[in-house]
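Here are the chains, one letter per residue:
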Amino acid sequence: MSVYQQTNKNRVKRHPERGVYDKRTVFQIIDEALICHVAFVLGDQPFVIPTLHARQEESILLHGASSSRLMRHVEAGRELSLAFTLVDGLVLARSAFSHSVNYRSVVLFGRGTKIISADEKSTALERFTERVMPGRWADARPPTAVELKATSVVTIPIELASAKIRQGPPVDEEADLDLPVWAGVVPIRQTVGHPEPDTHLREGTPLPDYIQRYVQNGR
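Here the structure is a predicted model, which is why all the values come from computation and not from measurement.

Novice: Sorry if this is basic, but what is going on with the overall build of the protein chain here?
Specialist: Within the protein chain, the secondary structure is distributed over 5 helices and 11 strands. Here the C-alpha coordinates of the protein chain stretch approximately 65 × 50 × 35 Å along the principal axes. Excluding contacts between residues fewer than 6 apart, the proportion of contacts in the protein chain whose partners are at least 24 apart in sequence is 70%.

Written out as structure tokens, the structure reads:
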């Protein structure tokens, strides 16, 4: 299927016209977001953890310390919810009530499993590294056996998901349109700055071509 089934769990209820359920849109937002927020409950206590992620087809990869409560929660097969958000602009209306934000977001649900195989874990960590900076895995030192043992990697098949998108100008009440107040959108765009070398960088170490391309292309 190219779309996610709509249920009470993933259906967009407020402004349902902004809800999008096709997988292509969902994956595009997930892939553009640099971090996600993972929500889970332990006992009676809810937690939300910001973390790096990577997508492998229709699954999300997460990694962390083997001892972390998030990793233990996932490894136990308990349910998770993940949120991804991209902010595209501030929507300034004539009335304070009608102010908003242009955004693209995804909320998904699933249960994960631990990746046991050392080869599969290494492949997953390569995907994480390449997601942060394409070309980096071949350049950096690979993880040692000790580092691999200290790291848990889990895969979470996306069971249900929905995107919610707001675009466009403010929506003011008809009675407010003649107010002498500026209204419109202030765009927000993420930019890539010039690389800042580490203070311990060996003298003469060149900036890799793949980082130069990343900067020139703005990702």
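Novice: Help me out: how do you make sense of a nonpolar patch on the surface in this one?
Specialist: Together, Val87, Leu90, Trp182, Val186 and Ile188 make up a nonpolar patch on the protein surface, roughly 440 Å² of accessible area in all. Structurally, tryptophan 182 can be placed in the loop between strand 10 (160–166) and strand 11 (184–187).

Novice: Which parts of the structure should I look at to understand the environment of asparagine 8?
Specialist: Note on placement: asparagine 8 falls in the segment before strand 1 (19–20). By relative accessible area, which is 62% here, asparagine 8 ends up exposed.

Novice: Honestly, the pattern of salt bridges in this entry has me stumped. Any pointers?
Specialist: Pairs can form between side chains of opposite charge once their charged atoms are near each other. Counted according to the given criterion, the structure contains 8 salt bridges. Residues lysine 23 and glutamate 58 are paired through a salt bridge, measuring 3.0 Å at the closest nitrogen-oxygen approach. Within this pair, whereas lysine 23 is found in helix 1 (residues 23–32), its partner glutamate 58 is found in the loop between strand 4 (54–56) and strand 5 (59–65), the two being separated by 35 residues in sequence. Glutamate 58 gets classed as partly exposed once you look at its relative accessible area, which sits at 38%. The closest approach of N and O atoms between arginine 104 and aspartate 88, which form a salt bridge, is 2.8 Å. With arginine 104 in strand 7 (residues 100–111) and aspartate 88 in strand 6 (residues 79–92), this pair connects stretches of sequence that are 16 residues apart. Shared partners join several salt bridges into a network, and the residues in it are Glu32, Asp88 and Arg104.

Novice: I keep staring at the packing of aromatic side chains and nothing clicks. Help me out?
Specialist: For the structure shown, the criterion picks out 1 aromatic pair. When the ring of phenylalanine 40 is compared with that of phenylalanine 47, the centres are 5.5 Å apart and the planes differ by 20°; the resulting orientation is stacked. Just above the ring of tyrosine 4 sits the side chain of lysine 23; from NZ or CZ to the centre is 5.2 Å. Over the face of the ring belonging to phenylalanine 27 we find arginine 55, whose NZ or CZ atom lies 4.4 Å from the ring centre.

Novice: For this particular structure, what's the right way to read the side chain of serine 152?
Specialist: Looking at the secondary structure, you find serine 152 in strand 9 (residues 151–157). Judged by relative accessible area, serine 152 falls into the buried class, the value being 1%. A distance of 3.0 Å separates the side chain of serine 152 from the side chain of glutamate 75, its partner in a polar contact. Contacts of serine 152, omitting those with residues within four sequence positions, involve Leu62, His63, Gly64, Ala65, Ser66, Met71, Glu75 and Lys114.

Novice: What exactly am I supposed to notice about the environment of arginine 136 here?
Specialist: Looking at the secondary structure, you find arginine 136 in the loop between helix 3 (118–132) and helix 4 (145–150). Classification of arginine 136 as partly exposed rests on a relative accessible area of 34%. Linking arginine 136 and tyrosine 103, residues 33 residues apart in sequence, is a C-alpha distance of 30 Å. Setting aside its immediate chain neighbours within four residues, arginine 136 contacts Thr129, Glu130, Tyr210 and Ile211.

Rules of the game
Residues numbered from 1 in each chain as written. Predicted model: local features only at pLDDT ≥ 70, side-chain atom pairs only at ≥ 80, totals over all residues. Heavy atoms only, no water. Helix = DSSP H or I, 4+ residues; strand = E, 2+ residues; numbered from the N terminus. Contact = heavy atoms within 4.5 Å. Patch = residues over 30% accessible without salt bridge, like charges linked within 9 Å, V, L, I, M, F, W, Y side chains within 5 Å. Areas by Shrake-Rupley, 256 points an atom, 1.4 Å probe, with all protein chains shown as cover. Salt bridge = Lys/Arg side-chain N within 4 Å of Asp/Glu carboxyl O. Buried < 20%, exposed > 50% of the residue type's maximum accessible area, 1.4 Å probe, protein only. Phe/Tyr/Trp six-rings, centres within 6.5 Å; stacked < 30°, edge-to-face > 60°. Lys NZ or Arg CZ within 6 Å of the ring centre and 35° of its normal. Polar contact = N/O pair within 3.5 Å; in protein donor to acceptor, adjacent residues only side chain to side chain.

Shape is all these values report; function is a separate question.
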